[in-house]
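Report on the structure
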Amino acid sequence: MNEHINRAKEEIERILKTEVDGDKMIGAIYSTSEYDKFSFFDTNRVTNISHISSLKESMCDLGLLKAPILVNKQFQIIDGQHRFAACRELGIPVEYIIGHKYGEKEIQVLNNKSKAWSPKDYLHHFKSKSLKEYVRFDRFLKNHQMSISVARNFMFNPAFNYNAFKAGNFINHEWGVSEHFAQRYNHLLECCPSWRMGSNKIATTKYFLRAFVTILRNEDVPFKEFLDRCVAYGHE
């Protein structure tokens, strides 16, 4: 392991000393082991441990290096937080480029070009900016132990729109109804636990969830009667 790390360090030093004849230098790549000078944006997505581990293996494999990270003048990492974390854990220098006029908007653009943000990444981003609806949605997920793919079916007026969610425009005007439906959904799962387990996971499919919401909105269908039929079906 140490041999691979030393080889990676030697490769970094070699690249930093390399010059290309005839080409104009328009910027500079810096290298440092002073990890404490860098910081993450709170609104950037949460780092993925498995991705960091994969990068560490690549960096140790024959001295394979990743591109320099991009920081602003305050040494806040705009692009490359996983690469930074991998270098820090390996104890090897971090290569970085200083970009001007970079901020939160550029973080989303750059990350989407490398690896698309997941719904959880967008939720973390806007929750960190204290957007009220995202803070409440995050609390809703935790209180009901739901995934976003399930909870989105209980967002109303307007219906959940992923493009609006990504743009920071998520809003729900019927939180009371959402809470009521979520409580009944969890009650159903308590009575039919197999419906969220196994290969089918019927209660998490979009078709079941749409039908479930339709039934709850239909006042002519008593919930207890519906629940009894589900339990009977689940034991067949």
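Residues numbered from 1 in each chain as written. Predicted model: local features only at pLDDT ≥ 70, side-chain atom pairs only at ≥ 80, totals over all residues. Heavy atoms only, no water.

A few points about the overall build of the protein chain
Counting secondary structure elements, the protein chain contains 11 helices and 5 strands. For the protein chain, the share of sequence-separated contacts (at least 6 apart) that also reach a separation of at least 24 residues comes to 70%. Of the roughly 14,600 Å² of accessible surface on the protein chain, a fraction of 50% belongs to carbon and sulfur atoms. (Helix = DSSP H or I, 4+ residues; strand = E, 2+ residues; numbered from the N terminus. Contact = heavy atoms within 4.5 Å. Areas by Shrake-Rupley, 256 points an atom, 1.4 Å probe, with all protein chains shown as cover.)

Some thoughts on unusual backbone geometry
With an omega of 0°, the peptide bond between Asn157 and Pro158 qualifies as cis. By secondary structure assignment, the location of Pro158 is in the loop between α7 (148-151) and α8 (162-166). Of note, the phi angle at Ser130 is positive, near 65°, even though the residue is not glycine. Within the secondary structure, Ser130 sits in the loop between α5 (119-128) and α6 (132-144). Unlike most non-glycine residues, Gln145 shows phi in positive territory, near 50°. Examined against the element boundaries, Gln145 turns out to sit in the loop between α6 and α7. Residue class for Gln145 comes out exposed when judged on its relative accessible area of 75%. (Buried < 20%, exposed > 50% of the residue type's maximum accessible area, 1.4 Å probe, protein only.)

Overview of the nonpolar core
Phe137, Phe140, Met146, Phe154, Tyr185 and Phe212 are the most contacted members of the largest nonpolar core, which totals 36 residues. Secondary-structure elements contributing two or more residues to this core are α5, α6, α7, α9 (175-191), α10 (206-217) and α11 (223-234). When residues of this core are assigned to their parent elements, the largest contribution, 6 residues, is made by α9. Residues within four places of Phe137 in sequence aside, it is in contact with Leu123, Ile148, Ala151, Met155, Phe160, Phe165, Phe170 and Trp175. The next biggest cluster of nonpolar side chains, apart from the first, holds 18 residues, and it includes Phe75, Ala85, Ala86 and Ile92. (Core = buried A, V, L, I, M, F, W, Y, C linked by side-chain atoms within 4.5 Å.)

Quick word on the state of the cysteines
Applying the stated criterion across every chain yields a total of 0 disulfides. No disulfide involves Cys192; its nearest neighbouring cysteine sulfur is the one of Cys230, lying 5.7 Å away. (Disulfide = S-S within 2.5 Å.)

Description of the confidence of the model for the protein chain
Residues at a pLDDT of 70 or more form 76% of the protein chain, whose mean pLDDT is 81. By mean pLDDT, the top-scoring element of the protein chain is α6 (95), and the lowest-scoring one is helix α1 (residues 2-17) (58). (pLDDT = per-residue confidence, 0-100.)

Structural notes on the pairing of strand β4 (residues 76-79)
Inspection of the sheet shows strand β2 (residues 39-40) paired to β4 by 2 bridges, in the parallel sense. Residue pairing across strands places Phe40 opposite Ile77, the latter belonging to β4. In this sheet, β4 lies alongside strand β3 (residues 69-71) in antiparallel orientation, the contact comprising 2 bridges. Counterpart to Val71 in the pairing with β4 is Ile77. Hairpin connection, β3 to β4: the antiparallel pair is bridged by 4 residues, and Phe75 has positive phi, about 65°. (Pairing = 2+ DSSP bridges.)

Regarding the sheet that holds strand β5 (residues 94-98)
If you walk across this open sheet you meet the 5 strands as β1-β5-β3-β4-β2, and the pairing is mixed. The two strands at the open ends of the sheet, each matched to only one other strand, are β1 (30-32) and β2. With respect to the sheet, helix α3 (residues 81-90) is in contact with β2, β3, β4 and β5, its orientation differing from that of β4 by roughly 120°. (Axes fitted to C-alpha atoms, helices over the stretch in contact; angles between N-to-C directions.)

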